[in-house]
2 protein chains.
Amino acid sequence: MTSVTPVSALKLPAPGAVAQVAATELARVLGPAQVSLRDEDRLSYARDMWPKALLWIRQGKIPPPPDLVAWPASEAEVAAVIAVARAHKLAVVPFGAGSGVCGGTIALRGGIALDLKRLETIGRVDPDNLWVEVDAGVIGEVLERNLNEQGYTLGHFPSSIYMSTVGGWLAARSAGQLSNKYGKIEDMVLSLRAVTGAGEVVETPQRPFSGPDLGQVLLGSEGTLCVFTRVRLRVHPVAQHRAFRGMRFKTVEAGVEAMRLLFAAGLRPAVVRLYDPFDTALVGKEKPKKKKDLAPSLRNPLRADLLPAALRKLTPLTLGHPSLMNRAADLFQHCRMILMFEGEPRRTQEEALEAVRLCEKAGGHDEGEAPGRAWFKKRYDVSYKMSKVVDAGAFADTMEVAATWDRVLPVYEAVREAAAGLAFVLCHFSHAYPEGCSLYFSLVSSAGSEANQEKRYDTLWETILEAATGAGANVSHHHGVGVLKAAQLARELGDGRRLLLALKGALDPDGILNPGKLSL
Amino acid sequence: MTSVTPVSALKLPAPGAVAQVAATELARVLGPAQVSLRDEDRLSYARDMWPKALLWIRQGKIPPPPDLVAWPASEAEVAAVIAVARAHKLAVVPFGAGSGVCGGTIALRGGIALDLKRLETIGRVDPDNLWVEVDAGVIGEVLERNLNEQGYTLGHFPSSIYMSTVGGWLAARSAGQLSNKYGKIEDMVLSLRAVTGAGEVVETPQRPFSGPDLGQVLLGSEGTLCVFTRVRLRVHPVAQHRAFRGMRFKTVEAGVEAMRLLFAAGLRPAVVRLYDPFDTALVGKEKPKKKKDLAPSLRNPLRADLLPAALRKLTPLTLGHPSLMNRAADLFQHCRMILMFEGEPRRTQEEALEAVRLCEKAGGHDEGEAPGRAWFKKRYDVSYKMSKVVDAGAFADTMEVAATWDRVLPVYEAVREAAAGLAFVLCHFSHAYPEGCSLYFSLVSSAGSEANQEKRYDTLWETILEAATGAGANVSHHHGVGVLKAAQLARELGDGRRLLLALKGALDPDGILNPGKLSL
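Only a predicted model underlies this, so the values are computations on that prediction, with no experimental measurement involved.

Caption draft 1: Representation of the relation of the copies chain A and chain B within the structure. Turning chain A through 180° and shifting it by 0.0 Å along the axis lays it on chain B, with an RMSD of 0.0 Å. Interpreted geometrically, this transformation is the action of a two-fold axis. Comparing interface residues between copies, 100% of those in chain A also sit at the interface in chain B, which points to an isologous, same-surface contact.

Here you go:
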């Protein structure tokens, strides 16, 4: 029983006249099969995995669609599309696999959805220099599998790995499950190639050690400054050994303090995840999914993979009373931390032992290897199927922010308090650094009618993001900014936004690249 | 016996009329004692430690001096100086401690030398978040001592630490002796404050995880985009334990391969330095300097601290025949590698053991702890006195570049071959990464008359930098670009230079900030 409106019932506005002329020109450059003005295609590219777009579609509202879709097959063809777009002052929205959850690819001003998935070449790993060159349109899991076959890993495991592209990772500064050890995607980039809004191809030098690092302003630009075409990424030999550990803490506070101690001591576990009490209780009951559920899919209107699996089993009935549910959550006390180290066997074991010693110092209780192994076994057992809760009319979303250690607990408490009456809230802490970590909130809510759901959604986000940033958090850690957090990013940048505006003016003089995103 | 012309004999051009008006205005803002048009001051700020400027001075030529010197005491005063400069279209050259070796602070267009050393506040370490906020004008050693007293370290130990400022480090992307573990300075920056050429104060957000990282285009800008005023830097608890090791290799090739293996295995020794055969032979004979020689000094016209100490004992006689000397160097074969790990005792020992195992795999012979300990003991025993060779009319310089592993030996051979008839050459390899390392060449030459020395200097640099970049090296690893390598940086940036020009136009619309540097 689903309330999603069938595609055939949705009526799209016709493509603009200018776009129709541009489509003819593009068909000449790319070939007629690589350009489409058809409604089905335009609708497919009208949204990413932003839950709000799902709420719109359930109400029969269509997110602003692009006028046309283009599928270039090379960097030169990307530049050609930009040239045509620029001549007609048409917006261009670079599009990877559409797995973003902040509305970053919504075509606010119509124009061209520029799909990059035909840029799909993966080079051989350079075994001396430990890098691989890869096109922006390659799907993450395809890349990782290719590397594994050669004995290497990228060390980048976002939960979207089956349904996100390398270019999307660069655009949004993606982080994977093992980011503590291998870094976020921006730490893996050695050099990159991109096409600017002026249609010019730029290439950054190999790992610039002197002069400004120009690649770092393109990374995270979410399609507003350039279109990524190819990147050279650092790879690692596949780890020889893994050491797992679970630790139990009596309070969130003790667990967070343990995480802080690990990173202050210079340890870099591949995985450290601390679940708050209710998340711990739910995760503990979760059973691994079956292998057959693993297939990637781009058709689901919600990134259910981002939610703790157990949460997807809740019903709209229980969700009608978030305050009650959140108070019930307070009955649970213990927090579980999952730790995983990987590398050379003896060193890895020594690191794990030191981590246990430090956790015990912070009041942690050693639960042995099992919880860590269980987590690892399940880490790909993510169902890409839509949650039944959502099918039944509730909505779910996640908010990941980052905070320095002194602000982690205040942010946690502020968000829980602010969201208490609006949504059921879980949180885990991961992606740590010497100076802080990220907080990953999972939120599920139900508010009756579809129209009410949308209002609730807006109220919830306004409330929790205000609470988080008010308590000292960054607006985002790795989901990006898109439409959802654009205003808050502008506030976070403050005077520094001048630099961004200057870059925008220089790299995209006509303002055609993904207008309305990143506050640009 | 020195050939340096006494300061009193050097005649400076008078400050320009516009500069004299500006000086009056600045005296009103900063106080009359904080602005100077005097020749002694202008001469002091006319050069940094670029050896070529020494050759000029020895010939009685004066590097282009600033028209005036200003000493602001706060960020607001820095902004005020920029405002006055902008109103008069006067150049501004930000000046730390003048330890640069590439001519980065030479006042090519006159104007204002903006000394930042009065911005000297050091905040308390934040023990939760592990950071310190520090003004740009603070001398490195003063900061490190302050941190040590609180139980922390920055982990940043450039050999210039007694005579370089935090702002200078940011401007040139400085690297310290322990950069393998703690990173280059750009890796330590959590946020920064700066004044642009438009006189606007900008602050970057705390460790931006989403959106473009705007701080990374200011770092390395060498005074051409902004004046740094304050920075938040990551600190670390002082290491509990250090594990030392020396390894001997039969060839440079084997030593470089061992370094590559260490980093591919994920090891991050605080120190790894591989000396080529002649450098190994000279270093082995070196005795530690006395404590009383340690005092910092800004008066010496050569950064002798950058040269291997033994090299400073050579005489102009032996240096008259570099080809002969370089051939003699070929008699030496063995290379020594110094390793140092630091951190928690057990883990550190395990890392050192793994490193020895990997080095042995590459043909290395374990020489025990002594060589590492000896290096560490001497690492501050750097004489800031000018080399006798240089006093006697020779010149010395260093060239540090970076290369990926597959290019390290080709760059090494190309530079040695190109320099063979021009200078006596030593090299060590350090500052390693999974994809490559830096090569640090020390060069000493003597060519008779002062005028010939300057010609030889130019020929040498043109030859070796061409050889290095031609064989695949980056133009610089951590000495920066300045005047010396500006043309080559422009070439390295290629089309990406458009981004830099765009930034320059936006942040310094009148082009007043350090004109002529970084090819801007």
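Once you've had a look at it, read on.
Caption draft 2: View of the interface of chain A and chain B. Taken together, the contact pairs 70 residues of chain A with 70 residues of chain B. Roughly 6100 Å² is buried in total at the junction of chain A and chain B, and carbon and sulfur atoms are behind 58% of that figure. Its largest share of buried area at the contact with chain B, chain A owes to A:Phe209, A:Arg347 and A:Leu499, together 13% of the area lost on that side. Across the contact surface, chain A and chain B share 8 salt bridges. A salt bridge links B:Glu435 to A:Arg234, with the nearest nitrogen and oxygen atoms 3.0 Å apart. Seen at the junction of chain A and chain B, the total is 26 residue pairs in polar contact (both at pLDDT 80 or more). For the side of chain A that touches chain B, the secondary-structure elements that each account for two or more residues are β8 (201–203), α9 (215–218), α10 (252–264), α14 (345–361), β15 (395–404), α17 (405–419), α19 (486–493) and α20 (497–507) of chain A. Of the residues belonging to the side of chain A that touches chain B, the class tally is 34 nonpolar, 13 polar and 23 charged.

Caption draft 3: Main features of the packing of α14(A) against helix α14 (residues 345–361) of chain B. In the contact formed by α14(A) and α14(B), the axes pass within 10 Å of each other and the chain directions differ by 170°. With respect to their mutual orientation, α14(A) and α14(B) come out roughly antiparallel. Contacts between α14(A) and α14(B) involve A:Arg346, A:Arg347, A:Glu350, A:Glu351, A:Glu354 and A:Arg357 from the former and B:Arg346, B:Arg347, B:Glu350, B:Glu351, B:Glu354 and B:Arg357 from the latter. Considered class by class, the residues forming the contact of α14(A) with α14(B) number no nonpolar, no polar and 12 charged.

Caption draft 4: Region of interest: helix α3 (residues 51–58) of chain A. Residue and element names in this part refer to chain A. The element α3 is extensively covered by neighbouring structure, given that 8 of its 8 residues are classed as buried. For α3, every residue scored as buried is listed here: Pro-51, Lys-52, Ala-53, Leu-54, Leu-55, Trp-56, Ile-57 and Arg-58. One or two residues past the end of α3 sits Gly-60, with phi positive at roughly 80°.

Caption draft 5: Seen up close, the packing of aromatic side chains. Following the criterion strictly, the structure yields 18 aromatic pairs over all chains and no others. Between B:Trp375 and B:Phe376, the aromatic rings sit 6.4 Å apart at their centres with planes inclined by 50°, giving tilted as the arrangement. Each of the two residues, B:Trp375 as well as B:Phe376, counts as buried. Through a chain of ring-to-ring contacts, the aromatic side chains of A:Tyr45, A:Trp71 and A:Phe95 assemble into a single cluster.

Caption draft 6: Quick look at the pairing of strand β15 (residues 395–404) of chain B. All names here are of chain B. Within β15, 10 of the 10 residues are buried, which leaves it mostly tucked inside the rest of the structure. Covered by surrounding structure in β15 are Phe-395, Asp-397, Met-399, Val-401 and Ala-403 together with Ala-396, Thr-398, Glu-400, Ala-402 and Thr-404, the residues of both alternating faces. One ladder, built from 10 bridges, connects β15 with strand β17 (residues 436–445); its direction is antiparallel. Looking across to β17, one finds that Met-399 is bridged to Phe-441.

Caption draft 7: Broad picture of the pattern of salt bridges. Residue and element names in this part refer to chain B. Counted by the stated rule, this structure contains 62 salt bridges over all chains. Across the salt bridge formed by Glu-133 and Arg-230, the nearest N and O atoms sit 3.8 Å from each other. On the criterion of sequence distance, the pair formed by Glu-133 in strand β5 (residues 131–135) and Arg-230 in strand β9 (residues 226–234) is long-range, its members being 97 residues apart. Ionic pairing is found between Glu-369 and Arg-373, a salt bridge with its closest N-O pair at 3.2 Å. Given the relative accessible area of 34%, Glu-369 is considered partly exposed.

Rules of the game
- Residues numbered from 1 in each chain as written.
- Chains lettered and ligands numbered in written order.
- Predicted model: local features only at pLDDT ≥ 70, side-chain atom pairs only at ≥ 80, totals over all residues.
- Heavy atoms only, no water.
- Least-squares fit on C-alpha atoms with pLDDT ≥ 70 in both.
- Contact = heavy atoms within 4.5 Å.
- Buried area = accessible area lost by both parts, 1.4 Å probe.
- Salt bridge = Lys/Arg side-chain N within 4 Å of Asp/Glu carboxyl O.
- Polar contact = N/O pair within 3.5 Å; in protein donor to acceptor, adjacent residues only side chain to side chain.
- Helix = DSSP H or I, 4+ residues; strand = E, 2+ residues; numbered from the N terminus.
- Nonpolar A, V, L, I, M, F, W, Y, C, P; charged D, E, K, R; others polar.
- Axes fitted to C-alpha atoms, helices over the stretch in contact; angles between N-to-C directions.
- Parallel < 35°, antiparallel > 145°, perpendicular 65-115°, else oblique.
- Buried < 20%, exposed > 50% of the residue type's maximum accessible area, 1.4 Å probe, protein only.
- Phe/Tyr/Trp six-rings, centres within 6.5 Å; stacked < 30°, edge-to-face > 60°.
- Pairing = 2+ DSSP bridges.

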